[in-house]
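Residue-level structural notes
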Amino acid sequence: MKGCGTLPGLYDDFPTPLMTAPRQPEYRIDPQFTERWSPRAFTGEALDKGSLMTCLEAARWAPSGNNLQPWRFVYGLRGTPAFEQLLGTLVESNRVWARQAGALVLVLSRTQRLVPGKEGPQPIASHAFDAGAAWMSLALQAQALGLHAHAMGGFDKARAREVLAVPDDHALHAVVALGRRGEASLLPEALREREQPNGRLPLSALVAEGKFSFEG
Ligand SMILES: Cc1cc2nc3c(=O)[nH]c(=O)nc-3n(C[C@H](O)[C@H](O)[C@H](O)COP(=O)(O)O)c2cc1C
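Everything in this summary refers to the structure shown in the same document. (Residues numbered from 1 in each chain as written. Predicted model: local features only at pLDDT ≥ 70, side-chain atom pairs only at ≥ 80, totals over all residues. Heavy atoms only, no water.)

1. Brief notes about the overall build of the protein
When helices and strands are tallied, the protein shows 7 helices and 6 strands. Rg of the C-alpha trace for the protein: 19 Å, near the compact-globule value of 17 Å for 216 residues, within the 12% margin. The dimensions of the protein, computed from C-alpha atoms along their principal axes, are 60 × 50 × 30 Å. Taking all 216 residues of the protein together, 40% fall into the buried category. Long-range pairs, those at least 24 residues apart, make up 70% of the contacts in the protein with a sequence separation of at least 6. (Helix = DSSP H or I, 4+ residues; strand = E, 2+ residues; numbered from the N terminus. Rg over C-alpha atoms; globule rule 2.2 N^0.38 Å. Buried < 20%, exposed > 50% of the residue type's maximum accessible area, 1.4 Å probe, protein only. Contact = heavy atoms within 4.5 Å.)

Right, here's the structure in full:
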């Protein structure tokens, strides 16, 4: 497996001693799950529209409650005004590296719908859960194309809503940087050390049989 669990120094910046070795699964899984990660160094090449649409097509096939498909995506390809507009919504700490991405994609979801026989808009209970599934499909498809995807919650939602004309009945979740991975040396110094796959909590901290029995 191409995982990075044996590279020296990777334990150094673990946020908690509970974390397992980076990218070392406890059970055998398809490597696509451990090989996906979120780099910040992108080459600065524009993404071709076909690759972007392939990633969005994968997202389209995600499962959703009642097959309502509440996810929506607003994209900008590098070198276009749409890209600059999305970039402008990011917090500075994300903008410094995401400006090198090949495309930016805002992930949204519809929060309400009209239901025959019911008065007024009804909430779509699973809209955020469904949008999360769609984003993961997008990320895994990007990886299958040799690309990387990095989601960012660090953006100004009010500004994005305004400049992108997002209606009130849609929630904004994340802006995803998409593109070809570049050398860590392209990054500002403070980010270079973090430019490596991270670990996960052990399965035992996340999974219980029959009853909620977690500490903390
Ligand atoms: C909803 C969401 C919001 C995130 N926000 C940011 C962000 O604002 N900036 C950033 O650099 N990374 C952000 N990330 C990336 C996470 O830090 C990253 O996914 C996590 O550390 C796990 O690492 P991996 O994706 O490399 O496996 C975000 C990820 C998600 C799913």
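2. Focus: the sheet that holds strand β1 (residues 71-77)
Taken in spatial order, the 4 strands make up an open sheet running β1-β2-β6-β5, and their pairing is antiparallel. Unpaired on one side and paired on the other, β1 and β5 (148-152) mark the two borders of the sheet. On average, adjacent strands in this sheet sit at an angle of 25 degrees to one another, irrespective of strand direction. With 5 bridges joining them, β5 and strand β6 (residues 170-179) adopt antiparallel strand pairing. From the neighbouring strand, Ala149 faces β6, where its bridge partner is Leu178. (Pairing = 2+ DSSP bridges. Axes fitted to C-alpha atoms, helices over the stretch in contact; angles between N-to-C directions.)

3. Observations regarding unusual backbone geometry
Its identity as a non-glycine residue notwithstanding, Asn66 has a phi of 55 degrees, on the positive side. One can find Asn66 in the loop between α2 (49-60) and β1. Notably, Gln69 is not glycine yet its phi reads approximately 50 degrees, a positive angle. Mapping Gln69 onto the fold places it in the loop between α2 and β1.

4. Some words on the pattern of salt bridges
The tally for this structure, following the rule as stated, stands at 2 salt bridges. The salt bridge partner of Glu92 is Arg95, with a shortest N-O separation of 3.3 Å. One end of the pair is Glu92 and the other is Arg95, both in helix α4 (residues 92-98) and 3 residues apart, which spans about a single turn. (Salt bridge = Lys/Arg side-chain N within 4 Å of Asp/Glu carboxyl O.)

5. A short note on the environment of Ala103
Of note, Ala103 is situated in strand β2 (residues 103-110). For the pair Ala103 and Gly182, spaced 79 residues apart in sequence, the C-alpha separation works out to 14 Å. When sequence neighbours within four positions are dropped, the list of residues in contact with Ala103 reads Leu47, Leu52, Gly76, Leu77, Arg78, Phe83, Val176, Ala177 and Leu178.

6. As for the site of the ligand
Taken together, 14 residues are adjacent to the ligand, and Arg23, Ser38, Arg40, Gly153 and Arg200 come closest. Side-chain polar atom of Arg23 to an oxygen atom of the ligand: 2.8 Å apart, as the coordinates give it. One of the side-chain N or O atoms of Asn94 is found 2.8 Å from a nitrogen atom in the ligand. Burial of the ligand by the protein amounts to 64% of the accessible area it has alone, namely 620 Å². Elements that contribute at least two residues to the shell around the ligand include exactly α4 and β5. Sorting elements by how many residues they give to the shell around the ligand places β5 first, with 3 residues. Looking at side-chain class alone, the shell around the ligand contains 4 nonpolar, 6 polar and 4 charged residues. (Near = heavy atom within 4 Å. Polar contact = N/O pair within 3.5 Å; in protein donor to acceptor, adjacent residues only side chain to side chain. Areas by Shrake-Rupley, 256 points an atom, 1.4 Å probe, with all protein chains shown as cover. Nonpolar A, V, L, I, M, F, W, Y, C, P; charged D, E, K, R; others polar.)

7. Considerations on the side chain of Glu195
By secondary structure assignment, the location of Glu195 is in the segment after α7 (189-192). Buried within the structure, Glu195 lacks any salt-bridge partner; its nearest side chain of opposite charge belongs to Arg181, at an N-O separation of 4.6 Å. Of the polar contacts made by the side chain of Glu195, one reaches the backbone nitrogen of Ala41; its length is 2.8 Å. Aside from chain neighbours lying at most four places away, what touches Glu195 is Trp37, Pro39, Arg40, Ala41, Ala184 and Leu187. (Lys, Arg positive; Asp, Glu negative; His and termini not counted.)

8. Here's the deal with the packing of α2 against helix α5 (residues 127-144)
Contact pair α2 / α5: the axes reach a minimum separation of 7 Å and the direction vectors enclose 140 degrees. On the basis of the axis angle, α2 is oblique to α5. Like other packed secondary-structure pairs, α2 and α5 cross with a definite hand, here right-handed. In this structure, α2 uses Thr54, Cys55, Leu56, Ala58 and Ala59 to contact α5, whose residues at the interface are Ala134, Ser137, Leu138, Gln141 and Ala142. Taken together, the residues of the contact of α2 with α5 break down into 7 nonpolar, 3 polar and no charged. (Parallel < 35°, antiparallel > 145°, perpendicular 65-115°, else oblique. Left-handed = near helix turned anticlockwise from the far one by under 90°.)

In short, shape yes, function no, at least from these values alone.
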